[in-house]
Amino acid sequence: MWTKSSCCGKKYNQETLKKMKTFDLTKQYKIFEKDIKKRVLKVFSSGSYILGENVKSFENNSRKYLDTRYVVSCNSGTDALVMSLRALNIGQNDQVITSPFTYFATSEAISLVGATPIFADINPHTFNINPKKIEKLVSKKTRAILSVNLFGQACELDKVSQIAKSYNLSHIEDCAQSFGATYKEKQTGSYGDIGCFSFFPTKNLGCFGDGGLVTAKNKRIYELLLKLRTHGGIRRNQHDMIGYNSRLDEIQAAILDIKLKHINKLIEKRIDVAESYYKLIKNEKIRLPFKDIKGKHTFNQFTIRVENRKKLENHLKKYKIPYGIYYPKPIYKYKAYANYKDNYLPMVEKVSKQCLSLPIYPELELKDIKTISNILNDYK
Ligand SMILES: *Cc1c(COP(=O)(O)O)cnc(C)c1O
């Protein structure tokens, strides 16, 4: 149905516009539906719902994929971060240097264990922490750097890791958005002492609820993580420390184990969508995301920058193009961090006013990408 709604002489298909979403999880379900139903039904009838063979299998397979020594699955990416900080014995009176441009959970985890997040400004091109801004924030209280691989792209992991080493700090990677991304041919999560992943449905590898995973290099840390996951002990009636109830359940593990087999294909499809955007969007007013050639960007988000975001938002709304604002303000500006009101980091201040994320997911169709690109090209 081609209707009056036109822009600069072009007409847009109203049916397409009405149906478009920033992400559509039903399409991926359709692809794996048969396998998932079969395996999940098997979980139902097995009577084994917690830490059973599906968790074991998924942990084995993800350890191989992520090329790391140890993995511990858990209940969410947030829990992965919290347990990592706890395993490193980070808490009260400790400081952790992190990015102010990320999902709230990154710094929330630091605060949850009683430590203090210290925010380092970002590189406006990559949206990731700027290694050059880290060193002058290191103090006697600093214990770790918690870097984020935002939108599916690694930060400068070698530099961040090197800084951590030279000051005897731990390095934790927030890989919630970067499953499968690489930097200098190595998986994200394999640079830091610990890597934290999320399987929230919209992440690169998503389950049908909450899920997370921690990677570790060191056996002592691994054993602490195992304890933290189940109330401070591994065996029944063993409680060596105050822990959590943070297990990945068998149903989510079964789903993840199926999807993990296809993760490279799913990531390639995300990259294909991004490549189409790069090819089709031609508008000087729109700055396309920067790709660091040292790594593989997995495009968990396709985030553009524009001088007058309000104006672009109105333009997109007029044509019912969905979009997201990741993220609308620096972390230190949220009410929960009211005590940070003196923080002002110029790059994150600027970028958070300019960023806008376009629809992206592996199954996004070329005709939708074309419509979105045309409408963006008509933005004046
Ligand atoms: C999603 C996300 C988290 C939190 O993961 P959950 O599984 O939702 O708890 C943490 N950090 C970043 C950067 C994220 O995108």
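Quick caveat: nothing in here was measured; it's all calculated off a predicted structure. (Residues numbered from 1 in each chain as written. Predicted model: local features only at pLDDT ≥ 70, side-chain atom pairs only at ≥ 80, totals over all residues. Heavy atoms only, no water.)

Enquirer: Help me get a handle on the environment of Gly209, residues and values and all.
Expert: Within the secondary structure layout, Gly209 lies in the loop between strand S10 (194-198) and strand S11 (212-216). Sequence separation of Gly209 and Ser76 is 133 residues, and the distance between their C-alpha atoms is 9.2 Å. Excluding anything up to four places from it in sequence, Gly209 contacts Phe199, Phe200, Pro201 and Gln252. (Helix = DSSP H or I, 4+ residues; strand = E, 2+ residues; numbered from the N terminus. Contact = heavy atoms within 4.5 Å.)

Enquirer: So what's going on with the side chain of Gln354? Which residues, and what values?
Expert: With respect to the helices and strands, Gln354 occurs in helix H11 (residues 346-354). Apart from the residues within four sequence positions on either side, Gln354 is in contact with Ile304, Arg305, Val306, Glu307 and Arg309.

Enquirer: Tell me about the pairing of strand S7 (residues 170-174), residues and numbers included.
Expert: Among the 5 residues that make up S7, 5 are buried, leaving the element largely enclosed by the rest of the structure. Neither face of S7 is exposed, since Ser170, Ile172 and Asp174 on one face and His171 and Glu173 on the opposite face are all buried. The pairing of strand S6 (residues 142-148) with S7 spans 5 bridges and is classified as parallel. Considered in S7, the bridge of Ser147 is made with Glu173. On the question of chirality, the crossover connecting S6 to the parallel S7 by way of helix H6 (residues 157-166) is right-handed. Summarising the sheet, S7 and S10 pair through 3 bridges and their orientation is parallel. Across the sheet, Ile172 pairs through a bridge with Ile194, a residue of S10. (Buried < 20%, exposed > 50% of the residue type's maximum accessible area, 1.4 Å probe, protein only. Pairing = 2+ DSSP bridges. Right-handed = clockwise from strand over helix to strand, strands pointing away.)

Enquirer: Tell me about the sheet that holds strand S9 (residues 186-187), and please be specific about residues and values.
Expert: Ordered by their spatial adjacency, 3 strands build an open sheet running S9-S8-S13, and the pairing between neighbours is antiparallel. Both edges of this open sheet fall to S9 and strand S13 (295-296), since each of them pairs with a single strand only. For strand S8 (residues 182-183) and S13, the ladder comprises 2 bridges, and the chain directions are antiparallel. Among the inter-strand pairings, Thr182 is bridged to a residue of S13, identified as Lys296.

Enquirer: Tell me about the packing of helix H4 (residues 77-87) against helix H7 (residues 219-229), and name the residues and values.
Expert: Viewed as axis vectors pointing N to C, H4 and H7 meet at an angle of 125°, and their least axial separation amounts to 9 Å. Put simply, H4 runs oblique to H7. For H4 against H7, the interelement crossing comes out right-handed. Mapping the contact onto sequence places Met83, Ser84, Arg86 and Ala87 in H4 and Ile221, Leu224, Leu225, Leu228 and Arg229 in H7. (Axes fitted to C-alpha atoms, helices over the stretch in contact; angles between N-to-C directions. Parallel < 35°, antiparallel > 145°, perpendicular 65-115°, else oblique. Left-handed = near helix turned anticlockwise from the far one by under 90°.)

Enquirer: Account for the nonpolar core, with residues named and values stated.
Expert: Membership of the largest hydrophobic core comes to 44 residues, with the highest contact counts inside it found for Phe58, Phe179, Phe199, Tyr277, Phe302, Leu358 and Leu376. Counting residues per element, the ones that place at least two in this core are helix H3 (53-66), helix H8 (250-260), helix H9 (263-280), strand S14 (302-306), helix H10 (309-318), strand S15 (355-358) and helix H12 (366-377). With 6 residues, the single largest contributor to this core is H9. Of all hydrophobic cores here, the second largest spans 28 residues; its members include Ala80, Val113, Ala115 and Leu224. (Core = buried A, V, L, I, M, F, W, Y, C linked by side-chain atoms within 4.5 Å.)

Enquirer: How would you summarise the sheet that holds S14 if you had to cite specific residues and measurements?
Expert: Taken in spatial order, the 3 strands make up an open sheet running S12-S14-S15, and their pairing is antiparallel. Only two strands of the sheet have a single neighbouring strand rather than two, namely strand S12 (286-287) and S15. Sheet topology note: the S14/S15 ladder contains 4 bridges and is antiparallel. Note on S15: the bridge partner recorded for Arg305 is Cys355.

Enquirer: Explain unusual backbone geometry to me, using residue names and the numbers behind them.
Expert: With the exception of glycine, the majority of residues adopt a negative phi angle, and the majority of peptide bonds are in the trans configuration. Cis peptide bonds are those with omega within 30 degrees of zero, and the linkage from Tyr326 to Tyr327 qualifies with 0°. Its place among the elements puts Tyr327 in the loop between H10 and H11. In this model, Asn89 sits at a positive phi of 60°, which is unusual for a non-glycine residue. Mapped onto the elements of the fold, Asn89 is located in the loop between H4 and strand S4 (95-98).

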